[in-house]
Amino acid sequence: MTQYTLKQASSLLQSKQISAVELANEYLAAIAEKNPALNGYITIDQDKTLAEARAADERIAQGNASALTGVPVAYKDIFCQTGWRSACASKMLDNFISPYTATVVQNLLDEGMVTLGRTNMDEFAMGSTNETSFYGATKNPWNLEHVPGGSSGGSAAVVAARLAPAALGSDTGGSIRQPASHCGITGIKPTYGTVSRFGMVAYASSFDQAGPMAQTAEDCAILLNAMAGFDPKDSTSLESEKEDYTRDLNQPLKGVKIGLPKEYFGEGNSTDVQTALQNTIDLLKAQGAELVEVSLPQTKLSIPAYYVLTSAEASTNLSRYDGVRYGHRAAQFGDLEEMYGKTRAEGFGSEVKRRIMIGTYVLSHGYYDAYYLKAQKLRRLVADDFQTAFARCDLILAPTAPTAAPKIGADSSPVETYLSDIYTIAVNLAGLPALTLPAGFSGGGLPIGVQLIGNYFSEARILGAAHQIQLNSDWHQKTCK
Ligand code: GLN
């Protein structure tokens, strides 16, 4: 039960072997059984889900269904959705029922997809473990003592636990790819501007990008087709031709040049990660891909640049949570100043506060040039590195994270956690597309993913290469108990 890929669910619905209501009920029953231990979903509303499923069945009966009509999907709590609590896993928005719907969610609702619920995440998408959520940590379904990764850890966990055929995540610095790696699923962060940010709670606006998370690259391609497109409500949305992201799925790997960045294959990776990379390299070679060494020498600069810039943008974006317009407001205060102070002290968790303080500092007079402006310059250097590399290869193979998922509560400092983002954030600094797919397991039985990074607008090619790998391997088919 509920083992379906998105594609399988779609064909069962289209051939009328199952109705949307039956399918939704199967998932709701599985969620009721397994979610309490997992904490992957933080909001479930059976009535709303079943109402959407009934509407999907009507559409199917009327003969005007799309391939996605009736297929269930889960949304990271970062996406606003009319009538649903959209809290971004923060106490600040715990009482916020959204009066409007994010464009990307609307696109899927227009297809007739059925909302299963809203998934847990790090508060305001700041984190790599899901432990900063106001609603408590999500557990890794492969081993409940471990984190699922973050910040889209809830989305990754529910797909891995087969409590949704697919989910949406968002990726500012790796938050789709890293939890996909830790949970053994596939997820893609598209080129910046491909998917609308309207209605997706802002963390660092020049980085944030939504993307699909599912069992397979093929499912991600199908979902991305429905998600992407120009949106006049997002000023950074790209005005480009409608793409078909499934178009390269059947392109063989023969002759495709895969770059291996020498800086990414060093000692920092656990042996399990090295093995997963080697598994992929062997498979690529067997399929006739050509492997070339490339260099991304500025990689080490990406962590300081990323944390300066994203904190700066976060400090600005989060200034709207002031207790006046919406969200939490302190119960007792003297004057306005105190109301602001108490509201924000109570409403935000410590990681969010840390970033607001860093961001305010680097933007302040006297430090702007030394930190913020400098980080902007580093951002350009990091992006230029990729262009040099892509002159020599079509796609880049890289680790997603240096290790498998750590234990919940593993006593790491914030800086240590930031350092674990080393392989994902350069992609966001550059605005490039990148995908994680499963490529092996750790000695302890936890999944390990690897990344395929492409040049701007090469999503179809990335998804095609990942699909070819998945046709010739079975890591993505392994399921946890
Ligand atoms: N770990 C990164 C951070 O905390 C990634 C966040 C993200 O992609 N949303 O900023």
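Criteria and thresholds
- Residues numbered from 1 in each chain as written.
- Predicted model: local features only at pLDDT ≥ 70, side-chain atom pairs only at ≥ 80, totals over all residues.
- Heavy atoms only, no water.
- Helix = DSSP H or I, 4+ residues; strand = E, 2+ residues; numbered from the N terminus.
- Rg over C-alpha atoms; globule rule 2.2 N^0.38 Å.
- Buried < 20%, exposed > 50% of the residue type's maximum accessible area, 1.4 Å probe, protein only.
- Contact = heavy atoms within 4.5 Å.
- Areas by Shrake-Rupley, 256 points an atom, 1.4 Å probe, with all protein chains shown as cover.
- Lys, Arg positive; Asp, Glu negative; His and termini not counted.
- Charge placed at Lys NZ, Arg CZ, Asp CG, Glu CD.
- Core = buried A, V, L, I, M, F, W, Y, C linked by side-chain atoms within 4.5 Å.
- Near = heavy atom within 4 Å.
- Polar contact = N/O pair within 3.5 Å; in protein donor to acceptor, adjacent residues only side chain to side chain.
- Nonpolar A, V, L, I, M, F, W, Y, C, P; charged D, E, K, R; others polar.
- Salt bridge = Lys/Arg side-chain N within 4 Å of Asp/Glu carboxyl O.
- Expected span 1.5 Å × (residues − 1).
- Arc of directions from axis to C-beta.
- Pairing = 2+ DSSP bridges.
- Right-handed = clockwise from strand over helix to strand, strands pointing away.
- Patch = residues over 30% accessible without salt bridge, like charges linked within 9 Å, V, L, I, M, F, W, Y side chains within 5 Å.

Peer 1: Honestly, the overall build of the chain in this entry has me stumped. Any pointers?
Peer 2: Assigned secondary structure in the chain consists of 15 helices and 11 strands. Here the chain has a C-alpha radius of gyration of 21 Å; the compact-globule value for 481 residues is 23 Å, and the two agree. Expressed along its principal axes, the backbone C-alpha trace of the chain runs to roughly 65 × 55 × 45 Å. Here the chain holds 481 residues, and the buried ones make up 61% of them. Residue pairs at least 24 apart in sequence account for 75% of intrachain contacts in the chain once pairs closer than 6 positions are excluded. When the accessible surface of the chain is summed, it comes to about 18,000 Å², and 52% of that surface belongs to carbon and sulfur atoms. The centroid of the 40 positive side-chain charges in the chain is displaced by 2 Å from the centroid of its 49 negative side-chain charges.

Peer 1: Help me understand the nonpolar core, please; the structure alone is not making it clear to me.
Peer 2: Side chains of nonpolar character tend, in soluble globular proteins, to be buried together. Judged by nonpolar contacts, the single largest core of 152 residues is most densely connected at F79, F124, F386 and L463. Setting aside residues up to four positions removed in sequence, F79 forms contacts with S86, A102, V104, V105, R118, L168, G169, G199, M200 and A210.

Peer 1: Looking at this model, I keep getting lost on the site of the ligand. Mind explaining?
Peer 2: Residues in contact with the ligand amount to 15 residues; listed here are only the nearest, T172, G173, S175, Y203 and Y306. Separating an oxygen atom of the ligand from a backbone N or O atom of G174 is a distance of 3.3 Å. The residue inventory of the shell around the ligand, partitioned by class, reads five nonpolar, seven polar and three charged.

Peer 1: It is not clear to me how the pattern of salt bridges should be interpreted in this structure. Could you clarify?
Peer 2: A side chain with one charge can pair with a side chain of the opposite charge if their charged atoms come near. In this structure the tally under the stated criterion is 16 salt bridges. The shortest N-O distance in the salt bridge between D234 and R197 comes to 3.4 Å. Placement of D234 in the loop between α7 (217–227) and β7 (257–261) and of R197 in the loop between β5 (186–189) and β6 (210–214) is noted, with a sequence separation of 37 residues between them. The exposure class of D234 is buried, given its relative accessible area of 5%. Ionic pairing is found between R461 and D394, a salt bridge with its closest N-O pair at 3.6 Å. Of this pair, R461 sits in helix α15 (residues 459–471) while D394 sits in the loop between α12 (368–390) and β9 (395–399), and the two are 67 residues apart along the sequence. Judged by relative accessible area, D394 falls into the partly exposed class, the value being 23%. Among the ionic contacts, a cluster of salt bridges with common partners joins E243, R247 and D248.

Peer 1: So what exactly am I meant to see when it comes to helix α10 (residues 336–347) here?
Peer 2: Helical geometry: 3.6 residues make up each α-helical turn, so side chains three or four residues apart lie on a common side. Its 12 residues place the ends of α10 16 Å apart at the C-alpha level, agreeing with the 16 Å of an ideal helix rising 1.5 Å per residue. Listed in full, the buried residues belonging to α10 are M339, T343 and G347. Buried residues in α10, looked at end-on, bunch into an arc of 35°, giving them a common side.

Peer 1: What exactly am I supposed to notice about the pairing of strand β2 (residues 72–76) here?
Peer 2: Consecutive side chains along a regular strand alternate between the two faces of the sheet. β2 sits mainly inside the fold: five of its five residues count as buried. Side-chain alternation along β2 places P72, A74 and K76 on one buried face and V73 and Y75 on a second face that is also buried. Relative to strand β3 (residues 114–119), β2 runs parallel, the two sharing five bridges. What sits directly across from A74, in β3, is G117. Handedness of the β-α-β unit built from β2, helix α4 (residues 103–111) and β3 comes out right-handed. When β2 meets strand β4 (residues 166–170), the two strands line up parallel, connected through two bridges. When the sheet's bridge partners are listed, Y75 is paired in β4 with L168.

Peer 1: Explanation requested: a nonpolar patch on the surface in the structure shown.
Peer 2: There is a patch of nonpolar side chains on the surface, built from V324, L336 and Y340 and spanning about 260 Å² of accessible area. Along the polypeptide, L336 turns up in helix α10.

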